[in-house]
Each structure stands twice: as C-alpha cells, then as structure tokens.
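As a plain string of letters, each chain reads:
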Amino acid sequence: MADFTQEEKEFFMAEALREAQLSLQKEEIPIGCIIVKDGRIIGRGHNAREELNQAIMHAEIMAINEANQTKASWRLLDCTLFVTIEPCVMCSGAISLARISQVIYGAANQKFGAAGSLYNILTDERLNHRVEVESGILEKECAKMMQDFFRQRRKNN
C-alpha cells in the first residue's frame, strides 16, 4: 500500500481534477480519475458517457483500462486510484475486480456512492478483495466542480 504525504495526495487529486475538467469541456458530468503505481501515473480517465454513447464510460473505468494496458495485466496490485467523486457501485466493483489496493476520493456521492455513502463495497468483508479507502482530499474543489456543473445544467433547462 502506498503511503502518500498530504502534499502528494493533493498533487495527484489535482491531476484527477484536470481529468474532470476534460469532461466538463465536453459537457459531461465532471469526474476525473488517475491511477498511480510507484509514484507514477499509469492510467487516466474522465467521464465520457455522452461522448462515446456508452453507459459504462465512467472516469474510473477509463483509468482502469489504460492502467491495464500500461501494466499489460488486469491485476493492478499495489496501485492507488485517485478520483474526484466517490465511486459508484459499478466502478467500485471494477476497482475490486482489478485488485486495486487503495482508493482516495475527493467528495462523497450521496446519490450513488458505493465507498461509504450508500454502500461499502470496497471494504465489505464478505468479498475476497478489500480496498483501503480515504476521502476528503481537495474535497471542496471536487464538490464545487460538480455543484457548479449541475447548477448550470438546471439553469440551462
């Protein structure tokens, strides 16, 4: 398990926020994700459901796919996933199946969160793989990006 300093956590979450910005530019829900192994980013992703017309194209799924290619393995042992918003049920399942060791997220997702808000999939002792979870890194920045997006969306509708 990687032991990041607070400064490193904030640096990597800022990278995830850059990914979220890519979604925002495409009028997608602004969630960004990166995967880190040995201090190096090996996968990046951002929401692209509308752009690609694929329901599963969440930031975490895109980052996992890229990290799998980078590592030439489906197993992402000793990797840390940084994501701006708490993973949903689908993404939490994919994170667990990829054997990612640690998830660090910015803001909670009260409507879909599966890493503490609604469900605890990543830490469920009934499953064969558990993930260390930490939240609250750059929480205000992550939450604000989402709040601003939905505020603007409501205003446009």
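Every value quoted in this text rests on a predicted model; they were computed, and no experiment measured them. (Residues numbered from 1 in each chain as written. Predicted model: local features only at pLDDT ≥ 70, side-chain atom pairs only at ≥ 80, totals over all residues. Heavy atoms only, no water.)

**Topic: the pairing of strand 3 (residues 80-85)**
Threshold: Between buried and exposed lies partly exposed: a residue is buried under 20% and exposed over 50% of the maximum accessible area for its type, with that area taken using a 1.4 Å probe on protein chains only. Numbering of helices and strands starts at the N terminus; helices are DSSP runs of H or I of at least 4 residues and strands are runs of E of at least 2. Paired strands, as defined in this entry, are two strands with at least two bridges between them according to DSSP. For crossovers, right-handed means that the path from the first strand over the helix to the second runs clockwise, given strands pointing away from the viewer.
With 6 of 6 residues buried, strand 3 is to be regarded as a mostly interior element. Two strands pair when backbone bridges link them, and strand 1 (residues 32-37) and strand 3 are joined in this way by 4 bridges, in the antiparallel orientation. Bridging across to strand 3, Ile35 finds its partner in Leu81. The parallel pair strand 3 and strand 4 (residues 102-107), bridged by helix 4 (residues 89-97), forms a crossover whose chirality is right-handed.

**Re the nonpolar core**
Which entries qualify depends on this criterion: By convention a nonpolar core is built from buried Ala, Val, Leu, Ile, Met, Phe, Trp, Tyr and Cys residues, the set being connected through side-chain atoms within 4.5 Å. Any two residues whose heavy atoms approach within 4.5 Å at even a single point are treated as in contact.
Judged by nonpolar contacts, the single largest core of 47 residues is most densely connected at Ile35, Ile64 and Leu81. Taken together, the elements giving at least two residues each to this core come down to helix 1 (6-25), strand 1, helix 3 (59-71), strand 3, helix 4, strand 4 and helix 5 (139-156). If one sorts the elements of this core by residue count, helix 3 sits on top with 6 residues. Residues contacting Ile64, with those up to four places away along its chain left out, are Ile35, Leu76, Leu81, Ala94, Ile95, Ala98 and Ile100.

**Concerning the pattern of salt bridges**
Spelled out, the test is: By definition, a salt bridge exists where a carboxyl oxygen of Asp or Glu is found within 4 Å of a side-chain nitrogen of Lys or Arg.
Taken as a whole and judged by the stated rule, the model has 8 salt bridges. Two residues, Arg44 and Glu19, come together in a salt bridge whose shortest N-O distance is 3.4 Å. Here Arg44, found in strand 2 (residues 40-46), pairs with Glu19, found in helix 1; they are 25 residues apart in sequence, far enough to count as distant. Glu51 is paired through a salt bridge with Lys26; the nearest N and O atoms lie 3.1 Å apart. Of this pair, Glu51 sits in helix 2 (residues 49-52) while Lys26 sits in the loop between helix 1 and strand 1, and the two are 25 residues apart along the sequence. On the accessibility criterion, Glu51 (45% relative accessible area) is partly exposed.

**Thoughts on the packing of aromatic side chains**
To keep things clear, this is the line we draw: Here the aromatic set is Phe, Tyr and Trp, taking the six-membered ring for Trp, and pairing holds for ring centres within 6.5 Å; pairs whose planes are under 30 degrees apart are stacked, those over 60 apart are edge-to-face, and all others are tilted.
Counted under the stated rule, the structure contains 5 aromatic pairs. Look at Phe11 and Phe12: their rings are 5.2 Å apart centre to centre, the planes differ by 70°, and that puts the pair in the edge-to-face class. Every member of this aromatic cluster is reached through a ring pair, and the members are Phe4, Phe11, Phe12 and Phe82.

**Points about helix 3**
So the rule is basically this: Here a helix's expected span is defined as the number of its residues, less one, multiplied by 1.5 Å.
If you check helix 3, its first and last C-alpha atoms are 18 Å apart, about what 13 residues at 1.5 Å a residue would give, namely 18 Å. Restricting attention to buried positions, one finds in helix 3 the residues Ala59, Glu60, Ile61, Met62, Ala63, Ile64, Ala67 and Asn68. Elements that come into contact with the buried residues of helix 3 comprise strand 1, strand 2, strand 3 and helix 4.

**Some thoughts on the UniProt feature "binding site: Zn(2+)" (unreviewed entry) in the protein chain**
Filter applied, for reference: UniProt positions are given in the numbering used here, feature names are shortened, and annotations may be inferred rather than shown by experiment.
According to UniProt, the "binding site: Zn(2+)" (unreviewed entry) feature falls on His58, Cys88 and Cys91. A maximum C-alpha distance of 9.3 Å places the annotated residues, which cover 34 residues in sequence, within one compact spot. Positionally, Cys88 belongs in the loop between strand 3 and helix 4. Of the residues examined, Cys88 reaches a relative accessible area of 12% and is grouped as buried.

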